[in-house]
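# Chain and residue survey
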Amino acid sequence: MEISSASLEKLFHATSTCTLQLTPALTLTGTVQNRTGQSHSVISLLIKTENMQGAMLSLSRSLRSDGSWLYTGHLLKLHEPDGMLLVEKDGQYYFIRTEQKFLVAE
Amino acid sequence: MKKHPFHIVFFLLLTAGSTVAQVPALNSYAPAPATVYLVFDGATVEGTLWNEKGKIVAEPTGFSPATITYIHKKIAEHFILFNLNITTDPAVYEHAPIHQRTRIIITPNGNWYGPAPGVSAVGSFVWGDDTPAWVFTDPLSNNPLFIAAAATHEIGHTLGLQHQSLYDPYGIMISELSGGENNIFTNEAPLMGIPFYKQANWTNGTSSTGPRNIQSDTALIAGEPNEIGYRKKSGRVETEINLSDPGVKIETQPSGPIELNSTGDYTYRLFDISGRLLTQGNIKKGWNQIQAGSAANAVLVLQWYGETGSGSQKILR
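Bear in mind the structure is a predicted one, so any value in this text is a computation, not a measurement. (Residues numbered from 1 in each chain as written. Chains lettered and ligands numbered in written order. Predicted model: local features only at pLDDT ≥ 70, side-chain atom pairs only at ≥ 80, totals over all residues.)

### What to know about the overall build of chain A
Selection criterion: Helix and strand assignments come from DSSP, with helices taken as H or I runs of at least 4 residues and strands as E runs of at least 2, each series counted from the N terminus. In this setup the radius of gyration rests on C-alpha atoms only. A globule is expected at 2.2 Å times the number of residues raised to 0.38.
Scanning chain A from terminus to terminus reveals one helix and nine strands. Helices and strands appear in chain A in the N-to-C order β-α-β-β-β-β-β-β-β-β. For chain A, the C-alpha radius of gyration of 13 Å lies close to 13 Å, the compact-globule estimate for 106 residues. In terms of overall dimensions, chain A has C-alpha extents of about 35 × 35 × 30 Å along its principal axes.

Okay, here's the thing in structure tokens:
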């Protein structure tokens, strides 16, 4: 699933309820549970989804050496077989399906 | 309600407070900014991916200072190569860079999660949101050695490591966690496999992501995105030649096995210059020989540590 950096950035300005268009037919709706940032250069966000069985979306925004933002994160619900990992390729962000054992390990 | 004399109430308050104060403030390598905080005295966790069902209250272990010190020491030994501080001091954790720290909550049970000796979010060391990893001591029979091994394993996950796995010659996974198999040639197991019953160490091996994916544990821990690096000594990187290091004297060896004399017993690890672990084992007092494989015309780094000290030396071949 292709995600624009603008829509990711919008999440970091949400105060409570927020949405993220994953596909034309699927919009993630959730509430911000936690926001942390020791400095301006790294901010992390945790969003609990309301329409995806309470799965958690974790996002981090960090400042790269060229001054641009790098977004990393994942969407997962514990004990489900799969999760979604946010990756960047050639400046474009994607959520890719990943076995959850590579995201949460025992 | 019966009233108690003041001095009895005061005594009860004092002893109740001492339960928390029993955790000794330990640091394995205080100069390092990157920090792993071992939590033994309970924690309340909110606002993390673990909180799907709300707040988690982790009970204290109730371990004695001696047990905590032992567990800390065993964990710290596995990270002696790295510019990383293993601490039990919450103040040290609070002052560590938020994107270079993690906490391992060691607590009796993980009923909120399920039957497992521990769980962690892979790569969470750099997330910057204080997501903890967990070690559950009841499934580990409260065995300090098992707890230390499990904690080291979970720390490895937070630093981005996947499991070390075993595959057959056709690439079919035999075991996601290697180290449990019978092997008459070695009594070693990977820390990222099953680290409980054999001498466990960081390894190079096939990871759970696929039979062709070789994971160098040490290189991944030290490298990006953790950017921990290797430990420095007296302002010099340990991989520099330092003949003043006591204990081990390496004879010049342009090729063949590395020959050395040791004044004591040490554990050693041999790396290539990129930090890839080539081999590891034990050095005994006296003359030793280490097989360096096919590494020729290369720069190698031998690191050793033991009860009497530690050191490292670069070897040019």
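### Points about the overall build of chain B
The condition that has to hold: A residue is called partly exposed when the number of other C-beta atoms within 10 Å of its own lies between 12 and 20, exposed at 12 or fewer, and buried at 20 or more, with C-beta atoms placed from the backbone. In this description, any two residues whose backbone-derived C-beta atoms lie within 7 Å of each other are considered to be in contact.
Each helix and strand counted, chain B has five helices and 22 strands in total. Counting over 317 residues, chain B shows a buried share of 43%. Taking contacts inside chain B between residues at least 6 apart in sequence as the whole, the part at least 24 apart equals 61%.

### With respect to the interface of chain B and chain A
Short version of the rule: Charged means Asp, Glu, Lys or Arg here, nonpolar means Ala, Val, Leu, Ile, Met, Phe, Trp, Tyr, Cys or Pro, and polar covers whatever is left, Gly included.
The interface is formed by 21 residues belonging to chain B together with 21 residues belonging to chain A. With four residues, the single largest contributor to the side of chain B that touches chain A is strand β6 (residues 118–121) of chain B. Within the side of chain B that touches chain A, the residues separate by chemical class into seven nonpolar, eleven polar and three charged.

### So, the sheet that holds strand β9 (residues 104–105) of chain A
The condition that has to hold: One bridge is not enough; two strands pair if DSSP finds at least two bridges between them. Fitted lines through C-alpha atoms give the axes, limited to the stretch in contact for helices. The angle between two N-to-C directions lies from 0 to 180 degrees.
The strand order β9(A)-β6(B)-β7(B)-β5(B)-β1(B)-β4(B) describes an open sheet built from six strands, whose pairing is mixed. Edge strands, defined here as strands with exactly one partner in the open sheet, are β9 of chain A together with β4 (85–87) of chain B. Where β9 of chain A and β6 of chain B come together, two bridges link them in antiparallel fashion. Along β6 of chain B, the bridge assignment pairs valine 104 of chain A with alanine 121 of chain B. Against the sheet, helix α4 (residues 144–158) of chain B engages β9 of chain A together with β1 (35–39), β5 (101–107), β6 and β7 (133–136) of chain B, with an angle of about 160° to β7 of chain B.

### What to know about the environment of isoleucine 47 of chain A
Residues and elements named next belong to chain A. Positionally, isoleucine 47 belongs in strand β4 (residues 42–49). Under the C-beta neighbour-count criterion, isoleucine 47 is labelled buried, with 26 such atoms within 10 Å. For the pair formed by isoleucine 47 and lysine 101, sequence separation is 54 residues and the distance between their alpha carbons is 21 Å.

### Considering unusual backbone geometry
Residues and elements named next belong to chain B. Cis geometry is found at the peptide bond from glutamate 224 to proline 225, where omega equals 0°. You can see proline 225 is positioned in the loop between α5 (217–222) and β14 (232–233). Its identity is not glycine, yet asparagine 142 carries a phi of approximately 55°, on the positive side. Counting through the fold element by element, asparagine 142 comes out in the loop between β7 and α4. A tally of 14 C-beta atoms within 10 Å means that asparagine 142 is categorised as partly exposed.

### Notes on the nonpolar core
Residue and element names in this part refer to chain B. As a reminder, the rule being used: Nonpolar core, as used here: buried Ala, Val, Leu, Ile, Met, Phe, Trp, Tyr and Cys residues forming one set through C-beta atoms within 7 Å.
Counting residues in each nonpolar core, the largest one holds 76 residues, and the members touching the most others are Leu38, Ile104, Ile106 and Ala151. Ranked by residue count, the leading element in this core is α4, at six residues. Among residues more than four places away in sequence, those in contact with isoleucine 106 are Leu38, Val39, Phe40, Thr61, Val135, Thr137, Ile147 and Ala151. Leu278, Ile283, Ala292 and Trp304 belong to the second-largest nonpolar core, a separate cluster that totals 14 residues.

### Regarding helix α2 (residues 65–78) of chain B
All names here are of chain B. For the record, the criterion: Given a helix with a known number of residues, its expected span is that number minus one, times 1.5 Å. To be clear, the arc concerns the directions from the helix axis to the C-beta atoms.
A rise of 1.5 Å per residue sets the reference length of α2, with its 14 residues, at 20 Å; its end C-alpha atoms lie 20 Å apart and thus fit the reference within 8%. Taken residue by residue, α2 has Ile68, Ile71, His72, Ile75, Ala76 and His78 as its buried positions. Along the axis of α2, the buried positions cluster into a sector of 145°, meaning they face one direction only. Those residues of α2 hidden inside the fold are in contact with β1, β4 and α4.

### Examining the packing of α2 of chain B against α4 of chain B
All names here are of chain B. Put simply, the rule reads: Note on terminology: angles under 35 degrees are roughly parallel, angles over 145 are roughly antiparallel, angles of 65 to 115 are roughly perpendicular, and the others are oblique. Crossing handedness: left-handed means the near helix sits turned counterclockwise from the far one by under a right angle, and right-handed means the same turn made clockwise.
Running from N to C, α2 and α4 point in directions that differ by 40°, and their axes come no closer than 9 Å. In terms of orientation, α2 and α4 fall into the oblique class. In the crossing of α2 with α4, the sense of the turn from one axis to the other is right-handed. In contact with Thr67, Tyr70, Ile71, Lys74, Ile75 and His78 of α2, α4 contributes Pro144, Leu145, Ile147, Ala148, Ala151 and Thr152.

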